[in-house]
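Architecture at a glance
So the chains spell out like this:
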Amino acid sequence: MHNIKSVITPRFSEAILLTAIILVLISVSIIKFESVPHIPILLSILLLFGYGLLKKVSYRTLEKGLVEGAGAGMSAVFLFFFIGMLISSWMISGTIPTLIFTGFTLISMTFFYAIVFIVTSLIGLSIGSSLTTVATIGVAFIGMATAMDLSLAITAGAIVSGAFFGDKMSPLSDTTNLSSTIVGVDLFEHIRNMGWTTIPAFAITLILFGLLSPETAGTTVQDVAVFKEGLSATGMIHWYAIIPLIVLILLTFIKIPALMALAISTMTAILVSFFHQSSTASEIFSVLFSGYVSSTGISEIDSLLSRGGMESMMFTVALVLLALSMGGLLFTLGIVQRLLSTVESLLKKVSSVIAASALTAIGINILIGEQYLSILLTGQAFKEPFDKVGLAGKNLSRVMEDAGTVVNPLVPWSVCGIFITGVIGVSTLDYLPFAFFCLLSPILTVLFGFTGKTLTYKQEK
């Protein structure tokens, strides 16, 4: 999307007014009127069309910007389809049910939220994908929290915090590689430098989840035993059911592209399912498209296990395309470029450069809802300002992750926010206050910018 050229240069007052109207329209519609994000984003697109036509921009040009914006999300769309199939295939293979059952056996309810955070962090580091972590082990933890009558909002906050810690710090993560590549910093130097903000954020988050974890769960040990018996009765709890998870982790380690890794893991899961059940080709196709439907007769288990499929991603896909289409129009009309150029001209000190770059990454996440774009645009816009104040490039790549990568899941209409809500069934606004790691990362990066601590200057080796 960053290659979309602006056809006009709006006045700053116009750019800031349109931005404010769009933000108010979307936030009020979602928060006050409890609307799905699709409608206010569509209204925002119509507003931008009206502005463009008023400025004598041709309809064809505006339509081209709309299409180019949507086109930027096609890789994500295909990824979402494969994740939908992965979830349903992991259901029929018994992978997710087995993870839930094992979790009930091994995980203490006393420190449940802290353990969820640690486990999702480790999985995220292992596979380098926050969304895959949420869609697999995250779904299992939400099921456990449901069965134990624990807070789904806090559990989701722990899942998101851990998943995005892994996404941020894993050398296998595409956002981590993108951030280091944009500013020309060695990947592992970039990861080491992120430790200055990431380790304190991780430690504080772990303490907070430990404090929030209940001494006793809202359910009894007998209730959990009944739930485990119900899972066992499905006939899907087997040691070999974790093979698809192992395959996914191994493929990620050898750097197989995400889409291919998801596809191979899905096919592995389908093969594994034949060890404990026989399904026809039409039944498997139906599950991959419409999702797995549990029919144990136990409502709690059926509700937990009935999920996945390409169809379950349609809501997400529609919203992603709408949000990116709006982003395409914002670029075509020069609104994003105008805002960035104005911010850049105000930078004089180290602290202001870091604060402005962090706010820019956050602002792009809020305005456009696209994680990669927040990293890419922030890196491109602030290379020169960081050079002028003598800061090494790894400071910029750290800010891009602290305020770009981990902020996206906190925005209800963002790609990550929409996906996570669709997969685990907890709204973004519900888990936002408990996504401590994602909230602390941008605060710490700005704080260190003002104190001057942990910063590296060009002359330093």
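Here's a quick rundown of the structure. A quick note: this is a predicted structure, and the numbers were derived from the prediction, not measured. (Residues numbered from 1 in each chain as written. Predicted model: local features only at pLDDT ≥ 70, side-chain atom pairs only at ≥ 80, totals over all residues. Heavy atoms only, no water.)

Some words on the overall build of the chain
- Across its full length, the chain carries 23 helices and 0 strands.
- Radius of gyration (C-alpha) of the chain: 23 Å, near the 23 Å computed for a compact globule of 461 residues.
- Within the span of the chain, comprising 461 residues, buried residues form 57% of the whole.
- Residue pairs in contact within the chain that sit at least 24 positions apart in sequence constitute 79% of those at least 6 positions apart.
- Counting only carbon and sulfur atoms, one obtains 68% of the accessible surface of the chain, whose full area is about 18700 Å². (Helix = DSSP H or I, 4+ residues; strand = E, 2+ residues; numbered from the N terminus. Rg over C-alpha atoms; globule rule 2.2 N^0.38 Å. Buried < 20%, exposed > 50% of the residue type's maximum accessible area, 1.4 Å probe, protein only. Contact = heavy atoms within 4.5 Å. Areas by Shrake-Rupley, 256 points an atom, 1.4 Å probe, with all protein chains shown as cover.)

Thoughts on the pattern of salt bridges
- Inspection of every chain in the model, using the stated rule, returns 5 salt bridges.
- Ionic pairing is found between glutamate 14 and arginine 11, a salt bridge with its closest N-O pair at 3.0 Å.
- Here the residues in one salt-bridge network are Arg11, Glu14 and Lys55, joined through shared partners. (Salt bridge = Lys/Arg side-chain N within 4 Å of Asp/Glu carboxyl O.)

Digging into the packing of helix H4 (residues 74–92) against helix H16 (residues 314–332)
- Following both chains from N to C, one finds H4 and H16 inclined at 175 degrees, their axes separated by 10 Å at the closest point. Comparing the axis directions of H4 and H16 gives the class roughly antiparallel. Residues Met74, Val77, Phe80 and Phe81 of H4 touch H16, and the partners they reach there are Met314, Thr316, Val317, Val320 and Leu321.
- The residue inventory of the contact of H4 with H16, partitioned by class, reads 8 nonpolar, 1 polar and no charged. (Axes fitted to C-alpha atoms, helices over the stretch in contact; angles between N-to-C directions. Parallel < 35°, antiparallel > 145°, perpendicular 65-115°, else oblique. Nonpolar A, V, L, I, M, F, W, Y, C, P; charged D, E, K, R; others polar.)

Quick word on helix H21 (residues 415–424)
- For H21, a buried count of 8 out of 10 residues is recorded, marking the element as mostly surrounded by other parts of the structure.
- Here H21 has its buried residues at Val415, Cys416, Gly417, Ile418, Phe419, Ile420, Val423 and Ile424.
- At the exit of H21 stands glycine 425, carrying a positive phi of roughly 75 degrees.

A word on the packing of aromatic side chains
- Summed over all chains, the structure comprises 11 aromatic pairs.
- On the numbers, 5.5 Å between centres and 40 degrees between planes, the contact of phenylalanine 49 with tyrosine 59 is tilted. With phenylalanine 49 in helix H2 (residues 38–54) and tyrosine 59 in helix H3 (residues 59–71), this pair connects stretches of sequence that are 10 residues apart.
- Looking at phenylalanine 49, the relative accessible area reads 11%, which means it is buried.
- According to the relative accessible area criterion, tyrosine 59 is partly exposed, its value standing at 45%.
- These aromatic residues form a ring-pair network of at least three members: Phe117, Phe165, Phe202, Phe209, Phe434, Phe436 and Phe437. (Phe/Tyr/Trp six-rings, centres within 6.5 Å; stacked < 30°, edge-to-face > 60°.)

Here's the deal with the side chain of serine 397
- Along the chain, serine 397 falls in helix H20 (residues 393–405).
- Leave out the neighbours within four places in its chain, and serine 397 touches Ser179, Val183, Val185 and His190.

Observations regarding helix H12 (residues 243–253)
- Residues of H12 that are buried include every one of Pro244, Leu245, Val247, Leu248, Ile249, Leu251 and Thr252, and no others.
- One or two positions beyond H12, positive phi appears at lysine 255, with a value near 65 degrees.

Remarks on the state of the cysteines
- For the structure on display, the rule yields 0 disulfides.
- In this structure cysteine 416 is a free cysteine whose sulfur lies 9.5 Å from that of cysteine 438, the closest cysteine sulfur available. (Disulfide = S-S within 2.5 Å.)

Examining the nonpolar core
- Formed by 82 residues in total, the largest nonpolar core has its most connected members in Phe112, Phe419 and Ile420.
- Per-element tally for this core: the top contributor is helix H7 (residues 130–147), with 11 residues.
- Ranked by size, the runner-up nonpolar core spans 56 residues in total, among them Leu18, Leu62, Leu391 and Ala403. (Core = buried A, V, L, I, M, F, W, Y, C linked by side-chain atoms within 4.5 Å.)

Considerations on the side chain of threonine 456
- Within the fold, threonine 456 resides in the segment after helix H23 (436–451).
- The exposure class assigned to threonine 456 is buried, which follows from its relative accessible area of 12%.
- In this structure, threonine 456 is in contact with Asn193, Leu391, Ala392, Lys394 and Asn395, ignoring residues within four places of it in sequence.

In short, geometric facts, not functional conclusions.
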